[in-house]
Amino acid sequence: MIDLHRAVAPSILSADFGHLADEIEMLNRSEASLIHCDVMDGVFVPNLSFGFPVLEAIRPIAKKPLDVHLMITHPERYVERFCDAGAWSVGFHLEAVDDPLPILELIEAKGVRTCLTINPDISPERLLPYLDKVNMVLLMSVFAGFGGQKFIPETLDKVRYIRTEITKRQLPTLIEVDGGVNIANAHLLYDAGADILVAGSSVFHAAQAEQAIIDMKR
Ligand code: DX5
Ligand code: ZN
């Protein structure tokens, strides 16, 4: 079982796609716990990224589990294909759907871990009914759509709020935070109760990516 305490999940959105295999090899060697894969549809967010072919291409070379973050409308249409493409976990946005429960069931039926995500303008209270029904929740600390944005500090209170609830209910649910994470704020997020930090530009644009991952965890 992988250790997801004070874990880092580099987002390949900021990787060099011309040398994607080299970037995955670097992550294989590194202390990264998961490889975060950002899927955008140009509708739920005003940007496009990548989908099944890229996941299928990295799956055989990646030695770390693929953490798939769907920023798409109608995730119910695609979650099973992402499971089949090799996802270790599949997450989608609560605000993108009417009822997340049947979609969570589709993912679970594939034996894949579930994650519910919210953007910064969605109250974390809306996650409470689902905390015992998902493996992870992902709190966005920037608005989904682009790498390289500035961390929203109010996220720290949201992490504490969800952590308190998870502790009170003695749930195994993991807390992931995504957006603007760097060496300066990583320890604050872990101390607030985050388990997994997604980091794109602060890893792939660092002079030494592997060292940046180590420094974030310390
Ligand atoms: C944003 C994505 C993030 C993004 C993070 O929509 O969900 O995963 O890649 O990039 P940084 O770490 O640069 O904010
Ligand atoms: Zn993401």
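Going by the structure above, here's the rest.
Residues numbered from 1 in each chain as written. Chains lettered and ligands numbered in written order. Predicted model: local features only at pLDDT ≥ 70, side-chain atom pairs only at ≥ 80, totals over all residues. Heavy atoms only, no water.

Caption draft 1: Structural context of the overall build of the chain. The secondary structure content of the chain amounts to eight helices and eight strands. A compact globule built from 218 residues should have a C-alpha radius of gyration of about 17 Å, and the chain, at 16 Å, falls within 12% of that. Once the C-alpha set of the chain is aligned to its principal axes, its extents read approximately 40 × 35 × 35 Å. Within the span of the chain, comprising 218 residues, buried residues form 56% of the whole. Within the chain, contacts between residues at least 6 apart in sequence are counted, and of these 65% link residues at least 24 apart. A total of about 9,500 Å² of accessible surface is found on the chain, and carbon and sulfur atoms cover 52% of it. Where the 19 positive side-chain charges of the chain centre and where its 30 negative ones centre are 4 Å apart. (Helix = DSSP H or I, 4+ residues; strand = E, 2+ residues; numbered from the N terminus. Rg over C-alpha atoms; globule rule 2.2 N^0.38 Å. Buried < 20%, exposed > 50% of the residue type's maximum accessible area, 1.4 Å probe, protein only. Contact = heavy atoms within 4.5 Å. Areas by Shrake-Rupley, 256 points an atom, 1.4 Å probe, with all protein chains shown as cover. Lys, Arg positive; Asp, Glu negative; His and termini not counted. Charge placed at Lys NZ, Arg CZ, Asp CG, Glu CD.)

Caption draft 2: Quick peek at the layout of surface pockets. Estimates place the volume of the largest pocket at around 230 Å³. Along the wall of the largest pocket there are 25 residues; nearest its centre are Gly147, Gly148, Asp178, Gly179 and Gly180. Put simply, the parts of the chain that give the lining of the largest pocket at least two residues each are strand 2 (35-40), strand 3 (66-71), strand 8 (196-199) and helix 7 (201-204). Residue classes in the lining of the largest pocket are distributed as 10 nonpolar, 13 polar and two charged. (1 Å grid on protein atoms, 1.4 Å probe; cavity = no way out; pocket = protein on both sides within 12 Å on 5 of 7 lines; lining within 4 Å. Points joined across faces, edges and corners; volume = space filled by probe spheres on them. Nonpolar A, V, L, I, M, F, W, Y, C, P; charged D, E, K, R; others polar.)

Caption draft 3: Structural view of the environment of Leu101. Its place among the elements puts Leu101 in helix 4 (residues 101-109). Residue classification places Leu101 among the partly exposed positions, given a relative accessible area of 30%. When the C-alpha positions of Leu101 and Tyr130 are compared, they lie 8.4 Å apart, and in sequence the two are 29 residues distant. Aside from chain neighbours lying at most four places away, what touches Leu101 is Tyr130 and Lys133.

Caption draft 4: Summary view of the pattern of salt bridges. Applying the stated criterion across every chain, the model contains nine salt bridges. Here Arg218 makes a salt bridge to Glu31, at a shortest N to O gap of 3.4 Å. Taken together, the residues span a long stretch of sequence, with Arg218 in the segment after helix 8 (209-217) and Glu31 in the loop between helix 1 (20-29) and strand 2 at a distance of 187 residues. Residue classification places Arg218 among the exposed positions, given a relative accessible area of 57%. Note that Arg163 is salt-bridged to Asp195, the shortest N-O span being 2.8 Å. (Salt bridge = Lys/Arg side-chain N within 4 Å of Asp/Glu carboxyl O.)

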